[in-house]
Structure formats: structure tokens, C-alpha cells
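The chain contents come next:
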Amino acid sequence: QVQLVESGGGLVQAGGSLRLSCAASGKMSTIRTMGWYRQAPGKQRELVATMTNSGIINYADSVKGRFTISRDNAKNTVYLQMNSLKPEDTAVYYCNAINRWSNYADWGQGTQVTVSS
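Cut-off values and rules
- Residues numbered from 1 in each chain as written.
- Predicted model: local features only at pLDDT ≥ 70, side-chain atom pairs only at ≥ 80, totals over all residues.
- Heavy atoms only, no water.
- Pairing = 2+ DSSP bridges.
- Helix = DSSP H or I, 4+ residues; strand = E, 2+ residues; numbered from the N terminus.
- Axes fitted to C-alpha atoms, helices over the stretch in contact; angles between N-to-C directions.
- Buried < 20%, exposed > 50% of the residue type's maximum accessible area, 1.4 Å probe, protein only.

Draft legend 1. Geometry of the sheet that holds strand β1 (residues 2–7). The sheet built from 4 strands is open, its strands ordered β1-β3-β8-β7 with antiparallel pairing. At either end of the open sheet lies a strand with only one pairing partner, and these are β1 and β7 (67–72). On average, each strand axis in the sheet is tilted by 15° relative to the strand beside it, whichever way the strands run. The sheet contact formed by β7 and strand β8 (residues 77–82) spans 6 bridges and is antiparallel. What sits directly across from Thr68, in β8, is Gln81.

Printed below as a string of C-alpha cells:
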């Protein structure tokens, strides 16, 4: 099992930037993929960006060109750099880690991102 702690959320004006961090601990060797998801009020949780151990990256179409996922293996931390933020990016952002053997997903507690117009 892996423990995940997100940080870096907050309130920002449209067009602004934020960087989210996800610090992971536990059985790091079991992780295949880490990623970011978000859930806006009244909506389902959706994928934002993921990165595999081999460096394969996937972005939701809605964030391509604006968000960048990166990983610091020495710090066991995944980042999400969010630029050109829009009000529709407002959501709780969650970090997750998928187990390479079972596909089980561990989740963080989430961090709120609010973009004002």
C-alpha cells in the first residue's frame, strides 16, 4: 500500500498558475502509474494526467498544452504544473498510484483548486 499526500491547492484568478505536489510513501516499488484526477461539484471524478514508471504521459484533452505532469523519483513526489487556469478547472484534485500487480489504486485526500473569473 502507498500513502499519498497532496498539497499546493488554493485560490487563483483565471489565467494564473498553481503547482500541485503529491508526496508518496510506502511500498514505492509496487507503483506502475501515478496520476492526477479531479472532481468538480456535481460531477464525476475525471482523469487529468498520468505518468507511468517508463515515462509515458497521458493528458485529458481539456488540459493539454496548459498542464504538465512531472515526477521526482528521488523525492517520491509527483507534480502537476497548471498554467493558464480557467474557472472550469475548479475542482478537488486527487493524486493516485496504481499497483503494478493488482491494478489497485491508492488515493490521496485531495486538494482544492478554485479559479475565479
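Read on, since the account is not over.
Draft legend 2. Up close: the pairing of strand β5 (residues 46–52). Extensive coverage of β5 is indicated by the burial of 5 of its 7 residues. Taken together, the 6 bridges between strand β4 (residues 31–39) and β5 define a ladder with antiparallel strand orientation. Of the residues in β5, the one forming a bridge with Met34 is Met51. Two successive antiparallel strands, β4 and β5, enclose a turn made up of 6 residues, where Gly42 displays a positive phi of approximately 80°.

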